[in-house]
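# Summary of structural features
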Amino acid sequence: MTDVTGAPVDVLNTLFRSEQGGHEQVVLCQDRASGLKAVIAIHSTALGPALGGTRFYPYASDEEAVADALNLSRGMSYKNAMAGLDHGGGKAVIIGDPEQIKSEELLLAYGRFVDSLGGRYVTACDVGTYVADMDVVARESRWVTGRSPENGGAGDSSVLTAYGVFQGMRASAQHLWGDPTLRGRRVGVAGVGKVGHHLVEHLLSDGAEVVITDVRKESVRRILDKHPSVTAVADTDTLIRTEGLDVYAPCALGGALNDGSVPALTAKIVCGAANNQLAHPGVEKDLADRGILYAPDYVVNAGGVIQVADELHGFDFDRCKAKASKIFDTTLAIFARAKEDGIPPAAAADRIAEQRMADARRR
């Protein structure tokens with residue numbers, strides 16, 4: 001069922017009546033000439049202009065695409081707040097297979113929609129979009145980050161995303177085992193694409209034993225050819241059941257922690273780069289009940305957004321890396337708050353982020 005605008009009624013319910021709503025603005029974008037169909041969701045501008053990437057993905061339905069934009073943009077509000085950035089949360093999704101429909105014409109049309117928001121939303125790369133794509137989008141709007149150095153940008157943000165996840169993993173090891181290192185630990189990485197392959201490098205340098213999986217065989221082969229000591233397994237189901245696994249790092253799409261995967265996990269720590277890892281409310285308690293330490297995804301994967309935010313002011317890699325290093329301390333603070341309040345770490349992170357946004361609204 002749809003309303004008079006054609007938007008699904010359940011989406012409107014989410015926006016206006018559910019606890020997961022509260023978004024300030026949702027824009028449906030269409031350019032028939034290029035085939036563009038996109039959703040731009042602005043969750044909050046309490047801390048500043050909404051900042052978040054553009055996902056290009058072949059959703060099963062338009063409703064699924066809208067729901068993903070809403071969830072991802074809300075997550076960006078919390079991520080930016082916890083990263084200490086003066087930005088609210090936003091996210092965009094372009095509907096379709098980027099391998100089939102991505103074109104210069106489509107990206108330029110998308111850039112015009114971003115520009116029409118007048119800076120309320122600043123975009124960047126995400127799944128299915130790359131630095132070269134942002135260079136094209138930026139030809140129609142100045143509210144674009146993640147551009148190439150040749151075009152005034154900082155380049156690939158996955159480098160600092162992986163670095164931040166590694167800092168969160170070190171903090172998790174410190175909290176659980178009393179030592180901020182993964183040396184001698186067995187770490188399973190699900191998804192070794194843009195971010196995951198950089199994370200593998202950090203883990204190997206730290207002395208970890210690494211097990212990987214990815215739906216893209218070429219991504220697995222790239223790792224194995226460079227690092228013969230790394231082990232690959234067939235799929236994520238096999239990975240999470242691997243005996244002796246100390247840490248599980250979901251680095252692909254969201255929903256990795258669900259009613260099926262949590263009971264099967266052998267790892268004692270979950271810390272990865274994927275967004276929206278918790279499939280639904282309550283999963284964080286299921287993890288805690290099993291004695292599994294969960295490092296909130298939007299906290300540990302904030303290295304990339306720290307980089308693209310810095311690009312707006314003149315990018316400096318060392319400055320960004322220093323900020324991303326603080327993810328270690330932030331993660332430890334969340335674990336301490338969780339213990340103090342008697343709640344799971346995900347809930348503790350939410351409380352801290354919500355307080356910062358609330359304080360900003362009162363100013």
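First, a word on what this report is: a plain description of the structure on this page. (Residues numbered from 1 in each chain as written. Predicted model: local features only at pLDDT ≥ 70, side-chain atom pairs only at ≥ 80, totals over all residues. Heavy atoms only, no water.)

## Section: the packing of aromatic side chains
Evaluated as defined, the whole model comprises three aromatic pairs. Seen from their ring centres, Tyr 57 and Tyr 59 are 5.1 Å apart, and the 70 degrees between their planes marks the pair as edge-to-face. Residue Tyr 59 is classed as buried on the basis of its relative accessible area of 10%. Ring geometry for Tyr 78 against Tyr 298: centres 5.7 Å apart, planes inclined by 65 degrees, an arrangement best described as edge-to-face. Placement of the pair is Tyr 78 in helix H2 (residues 62–82) and Tyr 298 in helix H11 (residues 297–300), with a sequence separation of 220 residues. Sitting over the face of the ring of Trp 177, Arg 185 holds its NZ or CZ atom 3.8 Å from the ring centroid. (Phe/Tyr/Trp six-rings, centres within 6.5 Å; stacked < 30°, edge-to-face > 60°. Buried < 20%, exposed > 50% of the residue type's maximum accessible area, 1.4 Å probe, protein only. Helix = DSSP H or I, 4+ residues; strand = E, 2+ residues; numbered from the N terminus. Lys NZ or Arg CZ within 6 Å of the ring centre and 35° of its normal.)

## Some details on the environment of Asp 97
By secondary structure assignment, the location of Asp 97 is in the loop between strand S5 (88–95) and helix H3 (98–101). Put simply, Asp 97 and Arg 112 are 15 residues apart on the chain and 21 Å apart in space, counted from C-alpha to C-alpha. Contacts of Asp 97, omitting those with residues within four sequence positions, involve Phe 56, Pro 58 and Lys 102. Looking at Asp 97, its side chain comes within polar contact range of the main-chain nitrogen of Glu 99, at 2.9 Å. (Contact = heavy atoms within 4.5 Å. Polar contact = N/O pair within 3.5 Å; in protein donor to acceptor, adjacent residues only side chain to side chain.)

## Points about the nonpolar core
Counting residues in hydrophobic clusters, the biggest one holds 62 residues, and the most contacted among them are Tyr 110, Tyr 121, Met 169, Val 189, Leu 199, Leu 203 and Ile 212. Looking at which element gives the most residues to this core, the answer is helix H4 (residues 104–116), with six residues. With residues near it in sequence (within four places) discarded, Met 169 still touches Leu 182, Val 187, Leu 199, Leu 203, Val 247, Ala 249 and Cys 271. (Core = buried A, V, L, I, M, F, W, Y, C linked by side-chain atoms within 4.5 Å.)

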